[in-house]
Amino acid sequence: MYNNFTASSEPTEELVSSLRDLYSSFGYKRYRMSKFEDYDLYSHNKEFLVSEQIITFTDTNGKLMALKPDVTLSIIRNCPDIGGTSKLFYDENVYRVSKGSGTFREINQVGLECIGDVDLYCLSEVLYLASHSLKAVSPNSVLVVSHLVILSKFASFVSEDPSVRDILFECASKKNIHGVDSLCVKYGLQPEKCESFKKLILLYGDAEKVIAGLMSIQYKPDVTRETEDLKKAMSVFKKEIGSAVIDFSVTGNMNYYNGVVFRGYVEGIPGSILSGGCYDALMYKLGKRSGAVGFALYLDMLDNLYSAPDEYDADIQLIYGENAENKDVIEAVKTLNSRGLRVFCSRRRTDAVKCRSYAELTGGKVKVKDGIS
Amino acid sequence: MEFLNIALPKGRLGEKVYRLFEEAGYGCPSLLQPGRKLIFENSENMLRYFWVKPSDVAVYVERGAADIGVAGKDILAEYEPDVFELLDLGLGACRVCVAAPVNFCDDTRKTLRVATKFCNIARSFYADSGRDIDIIPLNGSIEIAPILGLSDVIVDIVETGTTLKENDLAVISEVMQVSARLIANKASFRFKNVQIEQLKEKLYEKIGANRYDQNITK
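In this text the structure is predicted, and so the values were computed from the model without any measurement. (Residues numbered from 1 in each chain as written. Chains lettered and ligands numbered in written order. Predicted model: local features only at pLDDT ≥ 70, side-chain atom pairs only at ≥ 80, totals over all residues. Heavy atoms only, no water.)

**Q** How would you explain the overall build of chain A if you had to name every residue and give the values?
**A** Along its length, chain A carries 12 helices and 16 strands. Expected size for 373 residues packed as a compact globule is a radius of gyration near 21 Å; at 27 Å, chain A overshoots this value by more than 25%. By principal-axis analysis of the C-alpha atoms, chain A measures approximately 90 × 55 × 40 Å. Within chain A, buried positions represent 51% of all 373 residues. If you sum the accessible surface of chain A, you get close to 17,900 Å²; carbon and sulfur atoms cover 50% of it. Across chain A, 45 positive and 49 negative side-chain charges occur, with their mean positions spaced 2 Å apart. (Helix = DSSP H or I, 4+ residues; strand = E, 2+ residues; numbered from the N terminus. Rg over C-alpha atoms; globule rule 2.2 N^0.38 Å. Buried < 20%, exposed > 50% of the residue type's maximum accessible area, 1.4 Å probe, protein only. Areas by Shrake-Rupley, 256 points an atom, 1.4 Å probe, with all protein chains shown as cover. Lys, Arg positive; Asp, Glu negative; His and termini not counted. Charge placed at Lys NZ, Arg CZ, Asp CG, Glu CD.)

**Q** Could you give an account of the sheet that holds strand S4 (residues 68-72) of chain B, naming the residues involved and the relevant values?
**A** All names here are of chain B. Across the sheet, six strands lie side by side as S2-S3-S1-S4-S11-S5; this open sheet has mixed pairing. Pairing within the sheet leaves two strands with one partner each, and these edge strands are strand S2 (39-42) and strand S5 (83-88). Across the sheet, the mean angle separating the axes of adjacent strands is 25° when strand polarity is ignored. Note that S4 and strand S11 (residues 180-185) share five bridges and pair antiparallel. Note on S11: the bridge partner recorded for Ala71 is Arg181. (Pairing = 2+ DSSP bridges. Axes fitted to C-alpha atoms, helices over the stretch in contact; angles between N-to-C directions.)

**Q** I'd like to hear about the packing of helix H4 (residues 120-137) of chain A against helix H10 (residues 224-234) of chain A, residue by residue, with values.
**A** All names here are of chain A. Their axes nearest at 8 Å, the elements H4 and H10 cross at an angle of 50°. One element, H4, and the other, H10, form an angle in the oblique class. Judged by the twist between their axes, the crossing of H4 over H10 is right-handed. Along the contact surface, H4 presents Leu120, Leu123, Ser124 and Leu127, while H10 presents Asp229, Lys232, Ala233 and Met234. Its residues placed into classes, the contact of H4 with H10 shows five nonpolar, one polar and two charged. (Parallel < 35°, antiparallel > 145°, perpendicular 65-115°, else oblique. Left-handed = near helix turned anticlockwise from the far one by under 90°. Contact = heavy atoms within 4.5 Å. Nonpolar A, V, L, I, M, F, W, Y, C, P; charged D, E, K, R; others polar.)

**Q** Quick rundown of the sheet that holds strand S3 (residues 56-58) of chain A? Include the residues and the values.
**A** All names here are of chain A. Within the open sheet, the three strands sit side by side as S2-S4-S3. Their pairing is antiparallel. The strands lining the two open edges of the sheet, one partner per strand, are strand S2 (36-38) and S3. Here the average twist between neighbouring strands, direction ignored, is 40°.

**Q** Talk me through the pairing of strand S9 (residues 244-247) of chain A; I want residue IDs and the actual numbers.
**A** Residues and elements named next belong to chain A. Of the two faces of S9, the one lined by Ala244 and Ile246 and the one lined by Val245 and Asp247 are each fully buried. Both strand S7 (residues 141-147) and S9 contribute to a ladder of three bridges, which runs parallel. Bridging from a neighbouring strand, Leu143 pairs with Ala244 of S9. Sheet topology places strand S8 (residues 204-205) next to S9; two bridges connect them, and they run antiparallel. Residue pairing for S9: Gly205 is matched across the bridge by Ile246.

This is how it looks when you write it as structure tokens:
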């Protein structure tokens, strides 16, 4: 059987199915949504969205509606703010502007949200599921985890000026240590504090290494509690070396995110395909008292990974000629299919369809011309 | 070990940058041979170099066609690619400036017409001061725009100032300092971390901490 026969089922379909099984196995319940949502929800939280542009339309009742550019906001809005913990996953299409083309695209997004009484176990569980979602895409993947409060405390340690802090965050996201030096000179900041910030943003590696590096920074703000939380949250990766790292270049908007934030990368895809974190601040902004953590996996990014071209349109071209009985052709196709072959039937041989091999149907019997015996 | 793909800017700056890489132990002897070839490999060091248009280096790196590259800070500020900016190489130092005819007097009652190929940099610079401007995007020979009355001022790269002087223009304000930066794709940084960090360290050693400190610019 040819390996590429399975090309008839899309790799992303298989992936989504395995992800649903993964999330269900941890007690997450599927959450289905309508494609539309009140525009107000997004217009008040545009900074939270990947792209601020939204497709809108006026509903029959005159209400301004939007095609969903994001799933998290809808889930939070519709999730009751009650005690306990809701664990939900989704597989939905969202509509937003693609960075590359600058035009709107329908994007398939899979993800999960853990809302309510979110403790450190919940955070570890979400990190674990994020890492295993990446592994389902490719074994060569890595989850990159950061802690916004640690980064923010280090930035405030350097300067309380919001504009300086913004630049420090930008420098962190680009691992731009010369930018920190420049800022230090320009604003007359304390060089020792700037050095500490530089050390923080240069840290990279598994949890043990980075936490040891973080502890070894002499001159720093008090981040004991956050470091301990990060260490506990990352403990699920102790036996999975290389699957998750800590890197403070992962940042996020602090009006929405707080605490741990993370991105997922897969070898062969140039950008992050998974994004998530703790977003208690967003919950608060939407009038909820609970905590929340979740992530989204952007399946549109996988096009490049699965785009290894199939050299042939079919494995065999079956030429049935002028006088063949239709039922004989179908039977011949079924026989070849049972051997794992994709069959393209044609009265005459055509080169418009690329096939590995050619066969003729004569008197109800298949005669292979070349290649496949 | 996999190949490390490196995008270098074509031209004088690219050749200087390559010399620095070569001195740091990342040579690829065929690269400087005359000819029109654009891709060069050194399979011994597992390096693959590409010569690309300077303004395209960041695109190659952001989209992962190159793992690392060298791009001017002007290009990074203009296009804001989502890449790591690992090192200021200090090469190709110059400035992005606002320049105007020598007798220019800004009439603040009118919208200021700004000709430039750095539309985002210009927009951001004037947004900080709240000045109302009309951007006129151009791709070259920016200096003639104010002479022909197309614009009031220009925002452009200034190296020695000779071109400005020869066209009766003068710098009226500096927007930013520019030099070549080592950039890395954010995914490549994870999967080729040891290779990229080693290269960065060796380049850092080569450019010398002292020279580096003198050239620090954001």
